Amino acid sequence: MSDINPSCIDDYIEYRRKLVSDRTINLEVMVLKSMLDKGVEWGLTASNPLEGVKPLKHRQKRFKRALTADEIERLLEVSAERYRPVWLCLVTTGLRKAELVNLTWDDIDWDAKVIKVQNRDDFETKAGGIRIVPMAERLHDTLKAMRPHSKSKYVFVTKEGTPLRNNLLRNFKATVKRAGIDADGLNIHSLRRTFVTHLIRSGANPKVVQRLSGHRSIAITMNIYAEVLPEDERDAIMTVPYGLRVGTKKVIKLEHTGS
């Protein structure tokens, strides 16, 4: 315990900042501080060297964005044959990566045209329950065409027939580059973000979006995943009734002045 001092903690914090978020570091330091407080209470040490250590201010979250409809089409157009159905499934169902790679043919109800995301002996969903996600016609037809050629119980597999667990991120980044899409703010999770964002933009009921995406809280659906672009903000302003020009009886869009 005598080796623990503010300088030691500063070194630890700088090391951890390369690996985890500031919030995680604050939690770790808080736990250590509580342990040392107990040491003082038990008479194991005279004072707590972390008493004056202040929590880190949370760094601004990394920029994340959804893909536009045009970018999605470009992505699918240049995708390798093995990965095109993967991107299409992610962007039309909002499945998590783990849910996608563990998807089996038995999870698909062809007649009802739905995918069942559910627990199995070798896989447990993040929410712990079952959720039903309807398939878009394009996805349904794509998977239906794949089924006769598959010898695996899993839907998305490697050439060896094993679940397509590895290299998804690398292949997604390569496809984004090949499509000429700006990669800033994009990763494979962006396809799930895109699914939720476009549902909300299209006017889908937020509770429906929550169920389809499998979020425990609707706050996650609205606050973390829903993207708001400048045109969305401008369209919202145009609905304010007292923003009309004087003397007009109908809504006239305000001209953008750049200010």
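Residues numbered from 1 in each chain as written. Predicted model: local features only at pLDDT ≥ 70, side-chain atom pairs only at ≥ 80, totals over all residues. Heavy atoms only, no water.

1. Looking at a nonpolar patch on the surface
Working step 1: Residues Leu 27, Met 30, Val 31 and Met 35 make up a contiguous nonpolar surface patch of roughly 390 Å² in combined accessible area.
Working step 2: In this structure, Met 30 sits in helix H2 (residues 22–41).
Working step 3: Judged by its relative accessible area of 48%, Met 30 falls in the partly exposed class. (Patch = residues over 30% accessible without salt bridge, like charges linked within 9 Å, V, L, I, M, F, W, Y side chains within 5 Å. Areas by Shrake-Rupley, 256 points an atom, 1.4 Å probe, with all protein chains shown as cover. Salt bridge = Lys/Arg side-chain N within 4 Å of Asp/Glu carboxyl O. Helix = DSSP H or I, 4+ residues; strand = E, 2+ residues; numbered from the N terminus. Buried < 20%, exposed > 50% of the residue type's maximum accessible area, 1.4 Å probe, protein only.)

2. Observations regarding unusual backbone geometry
Working step 1: Phi is positive for Lys 113, close to 60 degrees, though the residue is something other than glycine.
Working step 2: Mapped onto the elements of the fold, Lys 113 is located in the loop between strand S1 (108–109) and strand S2 (114–117).
Working step 3: On the basis of relative accessible area, Lys 113 is assigned to the partly exposed category, the value being 29%.
Working step 4: For Asn 167, which is not a glycine, the phi torsion comes out positive at approximately 70 degrees.
Working step 5: Following the sequence through the fold, Asn 167 ends up in the loop between helix H6 (137–146) and helix H7 (168–178).

3. Quick word on empty space enclosed by the protein
Working step 1: Tallied over the full model, the rule gives one cavity of 30 Å³ or more.
Working step 2: Counted as a void, the largest cavity has a volume near 50 Å³.
Working step 3: Looking at the largest cavity, the residues that line it are Glu 99, Asn 102, Leu 103, Asp 107, Lys 116, Val 117, Gln 118, Arg 120 and Phe 123.
Working step 4: Split into classes, the residues belonging to the lining of the largest cavity amount to three nonpolar, two polar and four charged. (1 Å grid on protein atoms, 1.4 Å probe; cavity = no way out; pocket = protein on both sides within 12 Å on 5 of 7 lines; lining within 4 Å. Points joined across faces, edges and corners; volume = space filled by probe spheres on them. Nonpolar A, V, L, I, M, F, W, Y, C, P; charged D, E, K, R; others polar.)

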